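What follows is each chain in one-letter form.
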Amino acid sequence: MRAFIFVALLFAASSNASDTGQRFDRKGIRVLHLKGSAVQMARQHGTLLRDDIRRGALPLSASMIDRAVEGSLAHRPRIAELVRKGIRKYITSRILGRTLSQSTADEDLVEISKVYSQVTGIPAHTFFEAAAAPDTLMILATLSTNLGFFPETNSHLAGNCSSFSLWGDYTTGGDMVIGRNLDYPLTGTYEKYPTVIYFEPPTGLRFFSLTSAGVHNPGISALNEAGIFMALHTLPTHQITRNG
């Protein structure tokens, strides 16, 4: 918490009101300070890390489902194509439809994807496919367990991610220490472009995200100035829904 306040004050003292945001490089880590509406901050992120985003985890994440299907049906290309189309129609599209119906005016996901696409040159549908990939993989992993389909997805998701927290007598001064391990089938790409993003919206709490270039939404590993920490974990389950 104290580290967050210190860095936030440091940025506030040295930043300007430019719509381009700010980028600092610290020992191979990209540090961004973004300020404004959700759409403005998406534009700033895309502009500041354009080349890294094009080479990074986002395009790979969007192709994750196709690669999993190809890995399972490598010798049956026609069936693989039918399966890919079926997944997009009956799983991915439904997840995205549910997500978009719940987005607010302040976080218009369609507008954010358009802006991101404009400044990075990556097609807008890539952002949606990347966003839906984790839930889609969970559904496919359950099908793999129950029906014996898509063994590639099941092997990717088994036992992913872990976290720990210590405080009180277990840490110096009693401060809370949080750690997390991110395991996901993007190894080799995700860690190439480590990025810390400080978000400063016009209203509400400021927050920061530990992520990879191009992964804009802060839900994977994030902390706000109230000290609330959030980490996304993969928890395989038989209870699934196509609503995401």
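Structural notes, computed from the coordinates. Owing to the predicted nature of the structure, the values given are computational and were not obtained by experimental measurement.

Section: the packing of aromatic side chains
In total, this model carries three aromatic pairs according to the counting rule given. Arranged with centres 4.7 Å apart and planes meeting at 15 degrees, the rings of phenylalanine 199 and phenylalanine 207 form a pair that is stacked. On the basis of relative accessible area, phenylalanine 207 is assigned to the partly exposed category, the value being 22%.

Thoughts on the sheet that holds strand E2 (residues 29-35)
Judged by pairing direction, the sheet is mixed, and its six strands sit side by side in the order E1-E2-E5-E6-E7-E8 without closing on themselves. In this open sheet, the two strands that pair with only one neighbour each are strand E1 (22-26) and strand E8 (229-231). Neighbouring strand axes in the sheet, compared pairwise and without regard to direction, differ in orientation by 15 degrees on average. The pairing of strand E6 (residues 207-212) with strand E7 (residues 221-224) spans three bridges and is classified as antiparallel. Looking at E7, one finds that phenylalanine 207 is bridged to asparagine 224. Its contacts with the sheet put helix H2 (residues 38-48) on E1, E2 and strand E5 (194-200), and the angle it makes with E2 is roughly 150 degrees.

Brief notes about helix H6 (residues 77-102)
Here H6 spans 36 Å end to end across 26 residues, near enough to the 38 Å set by a 1.5 Å rise per residue. Buried within H6 are the following residues: Ala80, Val83, Arg84, Ile87, Ile91, Thr92, Ile95 and Leu96.

Regarding a nonpolar patch on the surface
A grouping of Phe164, Leu166, Tyr170 and Val177 is seen on the molecular surface, where their side chains present a nonpolar patch of about 440 Å² in accessible area. Structurally, leucine 166 is set in strand E3 (residues 162-166).

Observations regarding the nonpolar core
Ranked by size, the top nonpolar core spans 21 residues in total, and within it Val69, Ile87, Ile91, Leu186 and Tyr190 carry the most contacts. For this core, the elements supplying multiple residues, two or more each, are helix H5 (64-72), H6 and helix H8 (124-147). The leading source of residues in this core is H6, at six residues. By size, the runner-up hydrophobic cluster in this structure holds 19 residues, among which are Leu32, Leu34, Ile112 and Ile122.

Section: the pattern of salt bridges
As enumerated under the stated definition, the model contains 10 salt bridges in all. Taking the shortest distance from any N to any O, the salt bridge between arginine 55 and aspartate 52 comes out at 3.0 Å. One end of the pair is arginine 55 and the other is aspartate 52, both in helix H3 (residues 50-55) and three residues apart, which spans about a single turn. The salt bridge partner of aspartate 66 is arginine 88, with a shortest N-O separation of 2.8 Å. Here aspartate 66, found in helix H5, pairs with arginine 88, found in helix H6; they are 22 residues apart in sequence, far enough to count as distant.

Cut-off values and rules
Residues numbered from 1 in each chain as written. Predicted model: local features only at pLDDT ≥ 70, side-chain atom pairs only at ≥ 80, totals over all residues. Heavy atoms only, no water. Phe/Tyr/Trp six-rings, centres within 6.5 Å; stacked < 30°, edge-to-face > 60°. Buried < 20%, exposed > 50% of the residue type's maximum accessible area, 1.4 Å probe, protein only. Pairing = 2+ DSSP bridges. Helix = DSSP H or I, 4+ residues; strand = E, 2+ residues; numbered from the N terminus. Axes fitted to C-alpha atoms, helices over the stretch in contact; angles between N-to-C directions. Contact = heavy atoms within 4.5 Å. Expected span 1.5 Å × (residues − 1). Patch = residues over 30% accessible without salt bridge, like charges linked within 9 Å, V, L, I, M, F, W, Y side chains within 5 Å. Areas by Shrake-Rupley, 256 points an atom, 1.4 Å probe, with all protein chains shown as cover. Salt bridge = Lys/Arg side-chain N within 4 Å of Asp/Glu carboxyl O. Core = buried A, V, L, I, M, F, W, Y, C linked by side-chain atoms within 4.5 Å.

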